[in-house]
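# Examination of the molecular architecture
Given next are the chains, with one letter for each unit.
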There are 2 protein chains.
Amino acid sequence: MADDSQIRIGLLSCANIVRKVSRAINLAPNATVSAIASISNSIEEMKSFAASNNFPPTAKIHGSYESLLEDPDVDAVYFPIPASLHVEWAVRAAQKGKHILLDKPVALNVYEFDQIVEACEANGIQFMDGTQWIHNPRTAKIKEFLTDPVSFGQLKTVQSCFSFAANENFLKNDIRVKPGLDGLGALGDAGWYTIQASLLANSFRLPKTVTGLPGHVLNDAGIVLSCGALLDWEEGVTATIYCSFLANVTMEITAIGRKGTLRVNDFVIPFQETEASFTTSTLACLSEHKTMNEIPQEACMVIEFARLVGEIKNRGAKPDGFWLSFSRKTQVIVDAVKESLDNNLERVLVSGR
Amino acid sequence: MADDSQIRIGLLSCANIVRKVSRAINLAPNATVSAIASISNSIEEMKSFAASNNFPPTAKIHGSYESLLEDPDVDAVYFPIPASLHVEWAVRAAQKGKHILLDKPVALNVYEFDQIVEACEANGIQFMDGTQWIHNPRTAKIKEFLTDPVSFGQLKTVQSCFSFAANENFLKNDIRVKPGLDGLGALGDAGWYTIQASLLANSFRLPKTVTGLPGHVLNDAGIVLSCGALLDWEEGVTATIYCSFLANVTMEITAIGRKGTLRVNDFVIPFQETEASFTTSTLACLSEHKTMNEIPQEACMVIEFARLVGEIKNRGAKPDGFWLSFSRKTQVIVDAVKESLDNNLERVLVSGR
């Protein structure tokens with residue numbers, strides 16, 4: 001049920017992920033679905049989609065993205081549309097004063113993303129990318145351990161991977177393997193998570209250099225299906241990432257500090273929806289940790305996004321720039337990996353980008 | 001207590017590791033300690049070492065390596081001496097008909113190791129390197145999973161690391177950080193295990209190329225204290241290794257196949273001496289596995305080594321060449337990583353070496 005304090009979110013498209021995110025919006029006490037627009041579904045299909053996903057009866061159906069962006073009952077927009085369309089529609093949304101929850105990869109490259117950054121900054125827009133695990137209460141606990149000088153110490157290396165074995169249909173038809181749509185393939189999708197895990201472990205500092213690793217796999221159109229990369233912060237601090245559409249589902253972080261080690265075996269989507277675990281060790285002394293979250297991590301994301309939008313809408317606060325900056329750094333690294341893969345795995349300087 | 005069916009092992013030096021290995025020999029029903037020789041300890045010190053480590057009273061004390069190699073009551077020799085001395089003493093041992101259990105790294109480079117190979121082959125010598133985890137019953141179970149076409153499928157990547165945070169004394173004085181002794185540093189020591197884990201996961205095939213990763217750390221003498229490398233088997237099959245003397249103790253293997261994933265958190269030295277565990281998943285369905293070993297893994301190694309020597313000594317069998325070949329491949333990769341690190345991280349072709 002909508003109330004005045006709730007942030008009203010408009011959804012672009014009836015993509016599968018919208019089922020998950022609209023459920024999350026329903027679960028978030030400070031947000032509500034207020035509209036949906038799709039350019040590939042009829043009004044009837046959208047109505048049926050709205051009903052089957054328990055949208056509030058007040059949710060409006062729009063026949064075009066433009067129309068949704070004009071809707072005064074929409075405070076913020078969730079964009080599960082191909083990355084190739086992000087720059088156009090996110091900029092237009094920002095210009096209409098709509099706050100932005102944008103799926104990853106946030107753009108095809110950082111030059112495009114900078115247009116979104118500019119539009120957000122010019123219009124006082126709250127931005128957040130749709131990466132969910134970062135909002136799981138477990139992640140806060142992980143961060144606590146990784147910054148603990150006594151139990152973890154100086155980070156030495158963080159190794160993360162996210163892979164899943166996509167089926168034949170996905171590998172032929174999904175937007176993530178199409179050059180004109182999400183042209184960054186496994187790197188912009190699965191790789192996005194591993195890059196954010198690496199940034200998290202390094203206090204969100206950009207590495208100095210990024211190097212693609214031998215052994216990457218491309219499809220016939222040149223889209224990355226599988227790759228690895230090395231991020232180097234110098235002074236012996238590195239990260240390796242591995243992302244793939246071709247290998248069994250694996251979602252791991254191993255972070256090794258001078259004094260401690262962190263292991264997470266399901267960092268992207270916890271094996272269970274309302275609890276999550278990780279292991280730490282200081283020397284060889286192991287501890288298992290468990291965190292509980294009453295609501296799934298995607299609802300935690302919505303709550304935090306809606307909270308920030310609410311601060312702006314109701315209290316005149318400024319947008320929290322952390323999220324723009326975090327997404328931009330991630331995109332910078334995605335671009336650098338791509339550049340390295342395209343250029344014989346040369347080492348790419350990213351500091352200062 | 002010695003009996004005629006036991007393989008009589010001579011030990012070179014009173015190094016710390018000899019305590020562990022002589023205990024393992026005592027535990028192995030088919031082996032016995034028959035002699036010790038040290039060039040840096042007095043006869044008295046060796047006697048005391050023998051007594052405090054429960055050597056059989058019949059064990060002889062030799063004042064020189066030469067003398068031990070002449071001893072007719074020695075069937076085989078364990079060599080916990082600096083890698084720089086391996087080629088000389090292993091070749092001499094082989095020429096004297098002594099079987100060889102040689103600590104890793106087996107040599108300073110493969111050219112040296114090939115002299116040992118040649119001497120072993122010319123003299124019908126059983127060779128084995130002193131890597132213990134490979135003999136843990138858990139490793140056989142791991143291998144079973146990794147070669148299972150239904151639950152694991154085609155290997156895509158294996159990521160392994162072995163690190164420990166050495167103290168100041170180690171970093172100044174240990175043979176593993178001295179150019180004239182074990183000049184391969186963390187690579188020849190901790191890295192040896194990760195390379196063997198990578199080979200195990202790839203059915204012991206040499207990769208096509210090896211590439212050192214940015215971010216390695218050398219000491220003032222140019223010895224590797226920490227480094228990573230990428231092994232590429234082509235067709236999208238890779239391994240990353242990470243080894244370090246500068247990071248908290250971590251001993252991980254994550255191997256990802258098309259259909260399954262393996263995780264081992266203590267592959268080098270299991271957290272418990274007589275049981276060991278690992279996790280497998282096929283899709284996202286996790287299974288915990290536990291294996292029991294009545295005796296520690298180093299005794300499993302001694303039993304297998306003594307069994308092979310016994311086959312030769314008592315039944316006229318030929319040496320099992322697998323172990324020479326396994327060590328040689330490992331050394332080839334160690335050399336290639338070193339070569340890459342020394343040459344601006346260039347990709348080094350190793351197939352055919």
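Calculation rules
Residues numbered from 1 in each chain as written. Chains lettered and ligands numbered in written order. Predicted model: local features only at pLDDT ≥ 70, side-chain atom pairs only at ≥ 80, totals over all residues. Heavy atoms only, no water. Buried < 20%, exposed > 50% of the residue type's maximum accessible area, 1.4 Å probe, protein only. Helix = DSSP H or I, 4+ residues; strand = E, 2+ residues; numbered from the N terminus. Pairing = 2+ DSSP bridges. Domains from an automatic or database assignment. Contact = heavy atoms within 4.5 Å. Buried area = accessible area lost by both parts, 1.4 Å probe. Salt bridge = Lys/Arg side-chain N within 4 Å of Asp/Glu carboxyl O. Polar contact = N/O pair within 3.5 Å; in protein donor to acceptor, adjacent residues only side chain to side chain. Nonpolar A, V, L, I, M, F, W, Y, C, P; charged D, E, K, R; others polar. Axes fitted to C-alpha atoms, helices over the stretch in contact; angles between N-to-C directions. Parallel < 35°, antiparallel > 145°, perpendicular 65-115°, else oblique. Lys, Arg positive; Asp, Glu negative; His and termini not counted. UniProt positions renumbered as here; feature names shortened; annotations may be inferred. Least-squares fit on C-alpha atoms with pLDDT ≥ 70 in both. Arc of directions from axis to C-beta. Core = buried A, V, L, I, M, F, W, Y, C linked by side-chain atoms within 4.5 Å.

### Digging into the pairing of strand β13 (residues 260-264) of chain A
Residue and element names in this part refer to chain A. Of all 5 residues that make up β13, 5 are buried, and the element is covered over most of its length. Covered by surrounding structure in β13 are Gly 260, Leu 262 and Val 264 together with Thr 261 and Arg 263, the residues of both alternating faces. Where strand β12 (residues 246-257) lies against β13, 4 bridges are found, and the strand directions are antiparallel. Its bridge partner lying in β13, Ile 256 is registered against Thr 261.

### A short note on the domain arrangement of chain A
Residue and element names in this part refer to chain A. When cut into domains, chain A gives domain 1 (7-132 + 306-317) and domain 2 (137-297 + 331-349). Spacing between the C-alpha centres of domain 1 and domain 2 amounts to 26 Å. With 17 residues of domain 1 at the contact, the number on the domain 2 side is 18 residues. Of the roughly 1500 Å² buried where domain 1 meets domain 2, counting both sides, 58% is carbon and sulfur surface. Between the two partners, domain 1 and domain 2, sit 2 salt bridges. For the salt bridge of Arg 23 with Glu 273, the shortest nitrogen-to-oxygen distance reads 3.0 Å. Counting the contacts that link domain 1 with domain 2 gives 10 residue pairs in polar contact (both at pLDDT 80 or more). Among the elements of the structure, α1 (16-27) and α5 (110-123) are those that each provide at least two residues to the side of domain 1 that touches domain 2. Ranked by residue count, the leading element in the side of domain 1 that touches domain 2 is α1, at 3 residues. A breakdown of the residues in the side of domain 1 that touches domain 2 according to their chemical character gives 9 nonpolar, 4 polar and 4 charged.

### Details of the packing of helix α5 (residues 110-123) of chain B against helix α11 (residues 322-342) of chain B
Residues and elements named next belong to chain B. Across the interface, α5 lies against α11 with an axial gap of 10 Å and an inter-helix angle of 170°. Relative to α11, α5 is oriented roughly antiparallel. Where α5 approaches α11, its residues Val 110, Phe 113, Asp 114, Val 117, Cys 120 and Glu 121 are matched on the opposing element by Leu 324, Ser 327, Arg 328, Gln 331, Val 332 and Asp 335. Split into classes, the residues belonging to the contact of α5 with α11 amount to 6 nonpolar, 2 polar and 4 charged.

### Details of the side chain of Glu 112 of chain A
Residue and element names in this part refer to chain A. Structurally, Glu 112 is set in helix α5. Comment: no salt bridge for buried Glu 112; closest opposite-charge side chain is Lys 338, at 12 Å. At 3.4 Å, the side chain of Glu 112 forms a polar contact with the backbone nitrogen of Leu 108. Not counting chain neighbours up to four residues away, the residues in contact with Glu 112 comprise Ala 83, Val 87 and Ala 107.

### Describing the UniProt feature "domain: GFO/IDH/MocA-like oxidoreductase" (unreviewed entry) in chain A
Within this numbering scheme, the UniProt entry marks residues 151-263 of chain A as carrying the feature "domain: GFO/IDH/MocA-like oxidoreductase" (unreviewed entry). In residues 151-263 of chain A, the share of helix is 19% and the share of strand is 46%. The end C-alpha atoms are 14 Å apart.

### Concerning the relation of the copies chain B and chain A
Note on the copies: chain B fits chain A at an RMSD of 0.0 Å, the axial shift is 0.0 Å, and the rotation between them is 180°. In short, the pair behaves as if placed about a two-fold rotation axis. Taken as a fraction of all interface residues of chain B, those also at the interface in chain A reach 100%, which identifies the copy contact as same-surface.

### Some words on the pairing of strand β10 (residues 224-234) of chain B
Residues and elements named next belong to chain B. A large share of β10 lies buried, amounting to 10 of its 11 residues. Here 4 bridges tie strand β8 (residues 209-212) to β10, and the two strands are oriented antiparallel to one another. In the sheet register, Thr 211 faces β10, and the bridge partner there is Leu 230. Here strand β9 (residues 217-218) pairs with β10 via 2 bridges, running antiparallel. Residue Val 217 lies in a different strand from β10, and its bridge partner there is Ser 226.

### Focus: the UniProt feature "domain: Gfo/Idh/MocA-like oxidoreductase N-terminal" (unreviewed entry) in chain A
Summarizing the sequence annotation, UniProt attributes the feature "domain: Gfo/Idh/MocA-like oxidoreductase N-terminal" (unreviewed entry) to residues 8-128 of chain A in the numbering used throughout. Spanning residues 8-128 of chain A, this segment combines 43% helix with 21% strand, and its end C-alpha atoms are found 16 Å apart.

### Quick look at the sheet that holds strand β6 (residues 127-129) of chain B
All names here are of chain B. In spatial order, the strands read β3-β2-β1-β4-β5-β6; together these 6 strands make up an open sheet with parallel pairing. Every interior strand has two partners, whereas the edge strands, β3 (60-62) and β6, have only one. On average, each strand axis in the sheet is tilted by 25° relative to the strand beside it, whichever way the strands run. In this sheet, strand β2 (residues 31-37) lies alongside strand β1 (residues 7-12) in parallel orientation, the contact comprising 6 bridges. Bridge assignment links Leu 11 to a residue of β2, and that residue is Ile 36. Sitting on the sheet, helix α10 (residues 297-315) touches β1, β2, β4 (76-79), β5 (99-102) and β6, and the angle it makes with β1 is about 120°.

### As for helix α2 (residues 43-52) of chain A
All names here are of chain A. Within α2 the residues assigned to the buried category are Met 46, Phe 49 and Ala 50. Viewed along the axis of α2, the buried residues span an arc of 100°, placing them on a single side of the element. In α2, the exposed positions that point more than 90 degrees away from the buried face belong to Glu 44 and Ala 51. Structurally, α2 contributes buried residues whose contacts are with α1, β2 (31-37) and β3 (60-62). Asn 54 sits one or two positions beyond α2 and adopts a positive phi of about 55°.

### Observations regarding the nonpolar core
General note: in soluble globular proteins, nonpolar side chains tend to be found buried as a group. By size, the foremost hydrophobic cluster in this structure holds 116 residues, and its most contacted members are Ile 9 and Ile 100 of chain B. Residue contributions to this core peak at 9 residues, all from α11 of chain B. Both of domain 1 (7-131) and domain 2 (133-297 + 331-349) of chain B provide at least three residues apiece to this core. Residues contacting Ile 9 of chain B, with those up to four places away along its chain left out, are Ile 25, Ala 31, Thr 32, Val 33, Ser 34, Ala 35, Ala 76, Tyr 78, Val 302 and Phe 305 of chain B. One finds Ala 28, Phe 79, Ala 201 and Val 309 of chain A within the second-largest nonpolar core, a separate group that totals 114 residues.

### Considering the sheet that holds strand β4 (residues 76-79) of chain A
Residues and elements named next belong to chain A. The 6 strands are arranged β3-β2-β1-β4-β5-β6 in an open sheet whose pairing can be described as parallel. Bordering the open sheet on either side are β3 and β6 (127-129), each of which pairs with just one other strand. The mean inter-strand angle of the sheet, taken between neighbouring strand axes irrespective of direction, is 25°. Pairing of β4 with strand β5 (residues 99-102) involves 4 bridges; the strand directions are parallel. Along β5, the bridge assignment pairs Ala 76 with His 99. In this fold α1 packs onto β1 (7-12), β2 and β4, with an angle of close to 150° to the strand it touches most, β2.

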